[in-house]
Amino acid sequence: MSLKKYLGIHRIFLFCCFTFFTFCSQAQDASVENTDEQPLAESRATGPHIRVALLSEDQALVPNTQQYLAIEVQPDPEWHTYWLNPGDSGEPPKVTWSENTETLSFGDIQWPTPSAIPVAHLVNYGYSGQHLLIVPINSTDSLRAHDSVKISADLSWLVCKEDCIPGWATLHLQLPVDTQTNKTPDAPLFEKTRTTLPSEIELSSHYEINEDTIAIKFSLADINSLNTLNDAPWEVFPERNDLIDHAAQQQQIVTNNAVSVLLKRSAYFDPSSMTEESNTLRFLVKQGEKAYYLNSEPNTQLSEAATLSGIALLGILGFAFLGGLILNVMPCVLPILSIKALVMQQEHTGLLQKSAYFLGVVVSFNAFAILIILLQQGGEQLGWGFHMQSPLVIWLLAFLFTFIALVLLDLFTIGTRMAGFGNGLVAGNNAQSHFFTGVLAVIVASPCTAPFMAAALGVALVSEPYVTVLIFNALAIGFALPLTLLFASERLRNYFPKPGNWMVTFKHFLAFPMFFTVAWLAWVFASQQGTEAQFILLLSLILFALFAWLMTKTRLPWLYCALMILLVALPLTPASTVLTATTAKVTDVLPQNSIDFNADTLEQLKAEQKVVLVNMTADWCITCKVNEQVALNTQAVSSALTEDNVTYMVGDWTNKNDEILNYLKRYERAGVPLYVVYAGTNSYTVLPQMLSPGIVVNALKQAQEELSNVY
């Protein structure tokens, strides 16, 4: 063999050796450091930003004894791993044990109490720093046949900071078998970890799943005597990952013996997954360093409004009182109350005469409260102003206001029964007139929602009956108080002009606000039943006025009185088609840049990270229509609604709609208006009931900026 050929073969041999040793070195490095590529086969392992180990509390295994192993997890500073439910993202560590099941059995991981870990706009549940995942093991008598046992654990994990790195390792531990044992040097870690485990005391709990929330209530009776409670807020961790929106605020009310928490329901939760055989929800609740498990059972009696404490109830009653006061200056009530100005200069000596208006208001509000409670007990879904959704009620109110207007115009001859009846209703100076004025004022006030009223009524319609009655009475007192003081106080009445001929002129003038009210009712009726039914209503009102006029010109007043009654009762006749006309479609009157409200569409838009303005309105809601004119229909708001990524969604509650009512209840509202601006799934803002263009535009801009900062 020539030297040249020998040297060539030698070079090839050296190159192959170099390549082989380089490959072996890289493979060894990967097996030690890169857990993404090669599982580890030791009792300890190291991966990117984490170290793990398989530990034993005892030096030996003792047959027929429960002992403890643990997975030690040590993420780097600012990195974390996950709890059983990782929250909005992540995966919990998983362990698969390999050993002869005839000698050893392995229990579930005893999870330490987790912490909520905010990451951008998300919230995760997990652990930072060193911690142990303790696992009980039970041995059988057959273990005596072994001198030692090799336990293997196939471990997977996810360690995260802003990004996440998965890892895997196979950990082994060889333990001898003996009749007795001593503790290992790792035993103090086990004892320290046990102080972080939730208490073995499980608290009794119930839950209620609503359309947008999940309410839970748990008793503190079992732990009150332990003196471990303090004023710190409670944190709720569900074991199911798809149950709640983990980043949403948890609202809670704490009493001496119970805690009620309202949680925002996850968009991914499927209620059909809850069956009668498997309807228990498991939670972990934490206060400071103490934590307890809940096995929560369904409870239909639990309200999403939770149980009001005494202070909270006083606050709600205060809101109802203020709302009643403000309701006196709302445009829907002023025409009725102004009639009473005609009799303010006259004496009111009797107690009944002075208090009749107050009694009329209180009786009417209590009648509303009792009716709502009875209908709700029967399964009806109701909100404030629910009667205005009935076309029959609108029809009857139109005739009532027309009749009052005719009385104010002195159409009926003084001394006739009809004139006496009309003046006795509202225009007279007696207890009956004042009482009926209070009743009528409550009826026409129902389409209005004054500031402070919304929160109070929202609680009233989802609370216990006694709370509902209390709130309605607080509203009644606030509403009745101003006019009652005028009736009772001569000093206040002295501020009014002295009686004179001006009072007759003023009374005639007050007929026209009544006619304006009739025109508004006819418009609402058209929205409910269509324009053909509206024409029948207007024609009936004209004939009603004609027959009223003829009553004063003929000797047969009973005939025209019968015809008038027939017109009023027209919708109740078998041949009537007034209340069966085609209902006007909401989409026919929606603003050009809006879409009809649909709960599924709203969730889809939020998931697409759109800015959404939801406007819950009704044609019979005067507050709604005022807001549309002064704010929502202005150029500034219209321009903001045409921006990219902005959707305007309108829900019309003119007619009964359970989908809209359920949406209102999410925000503890009993009626319209309701305005909500969503920044995708990130957050939402409930706007005040009295709007201005600046309020709406600023809310839309804030939502767009929030989405821009997050994404």
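Above this text you will find the structure in question.
To keep things clear, this report deals only with the structure shown in the data block.

Conventions and cut-offs
- Residues numbered from 1 in each chain as written.
- Predicted model: local features only at pLDDT ≥ 70, side-chain atom pairs only at ≥ 80, totals over all residues.
- Heavy atoms only, no water.
- Helix = DSSP H or I, 4+ residues; strand = E, 2+ residues; numbered from the N terminus.
- Polar contact = N/O pair within 3.5 Å; in protein donor to acceptor, adjacent residues only side chain to side chain.
- Contact = heavy atoms within 4.5 Å.
- Disulfide = S-S within 2.5 Å.
- Buried < 20%, exposed > 50% of the residue type's maximum accessible area, 1.4 Å probe, protein only.
- Core = buried A, V, L, I, M, F, W, Y, C linked by side-chain atoms within 4.5 Å.
- Salt bridge = Lys/Arg side-chain N within 4 Å of Asp/Glu carboxyl O.
- Pairing = 2+ DSSP bridges.
- Axes fitted to C-alpha atoms, helices over the stretch in contact; angles between N-to-C directions.
- Expected span 1.5 Å × (residues − 1).
- Bend = angle between axes of the 7 residues up to and from the residue.

## Regarding the side chain of Ser 56
(1) Moving on: Topologically, Ser 56 is positioned in strand S2 (residues 50-56).
(2) Moving on: Looking at Ser 56, its side chain comes within polar contact range of the main-chain oxygen of Asp 58, at 2.6 Å.
(3) Moving on: Beyond its immediate stretch of four places on either side in the chain, Ser 56 contacts Tyr 68, Leu 69, Leu 173, Leu 175, Thr 184, Asp 186 and Phe 190.

## A closer look at the state of the cysteines
(1) Moving on: Enumeration according to the criterion identifies one disulfide in this entry.
(2) Moving on: Each sulfur of the disulfide joining Cys 160 and Cys 164 lies 2.0 Å from the other. For the disulfide bridge between Cys 160 and Cys 164, the dihedral angle about the S-S bond is near 115°, and by the sign convention the bridge is right-handed.
(3) Moving on: Overall, the relative accessible area of 1% leaves Cys 160 in the buried class.

## As for the nonpolar core
(1) Moving on: One finds Phe 597, Leu 613, Val 614, Met 616, Tyr 663, Val 672 and Leu 700 to be the most contacted residues of the largest nonpolar core, which totals 71 residues.
(2) Moving on: For this core, the leading source of residues is helix H6 (residues 391-408), giving 12 residues.
(3) Moving on: Apart from residues no more than four positions distant in its own chain, Val 614 is found in contact with Phe 597, Leu 602, Met 649, Tyr 663, Leu 674, Tyr 675, Val 676 and Tyr 678.
(4) Moving on: The next biggest cluster of nonpolar side chains, apart from the first, holds 58 residues, and it includes Trp 111, Ala 169, Phe 269 and Met 274.

## Some points on the pattern of salt bridges
(1) Moving on: Inspection of every chain in the model, using the stated rule, returns 12 salt bridges.
(2) Moving on: One salt bridge connects Lys 161 with Glu 78, and the closest N-O pair in it is separated by 3.0 Å. Highlighted residues: Lys 161 in the loop between strand S10 (148-160) and strand S11 (164-176) and Glu 78 in the loop between strand S3 (66-75) and strand S4 (80-87), separated in sequence by 83 residues.
(3) Moving on: Note on Lys 161: relative accessible area 33%, which makes it partly exposed.
(4) Moving on: Between Asp 242 and Arg 240 there is a salt bridge, with the nearest N and O atoms lying 2.9 Å from each other.
(5) Moving on: Accessibility expressed as a relative area gives 25% for Asp 242, which makes it partly exposed.
(6) Moving on: Looking at Arg 240, the relative accessible area reads 26%, which means it is partly exposed.

## Regarding the sheet that holds strand S6 (residues 104-106)
(1) Moving on: Spatially, five strands are ordered S1-S2-S3-S9-S6 in an open sheet, and the strand pairing comes out antiparallel. Where the open sheet ends on each side, the last strands, each with one partner, are strand S1 (44-47) and S6. Direction aside, the axes of adjacent strands within the sheet are offset by 20° on average.
(2) Moving on: Packing against the sheet, helix H2 (residues 187-194) makes contact with S2, S3 and strand S9 (131-139), and its axis sits at approximately 105° to S9.

## Considering helix H10 (residues 465-488)
(1) Moving on: Counted at 1.5 Å a residue, the expected span for H10 with its 24 residues is 34 Å, and the 32 Å between its end C-alpha atoms agrees.
(2) Moving on: Remark: the principal bend of H10, roughly 45°, maps to Leu 481, with a proline, Pro 482, within the next four residues.

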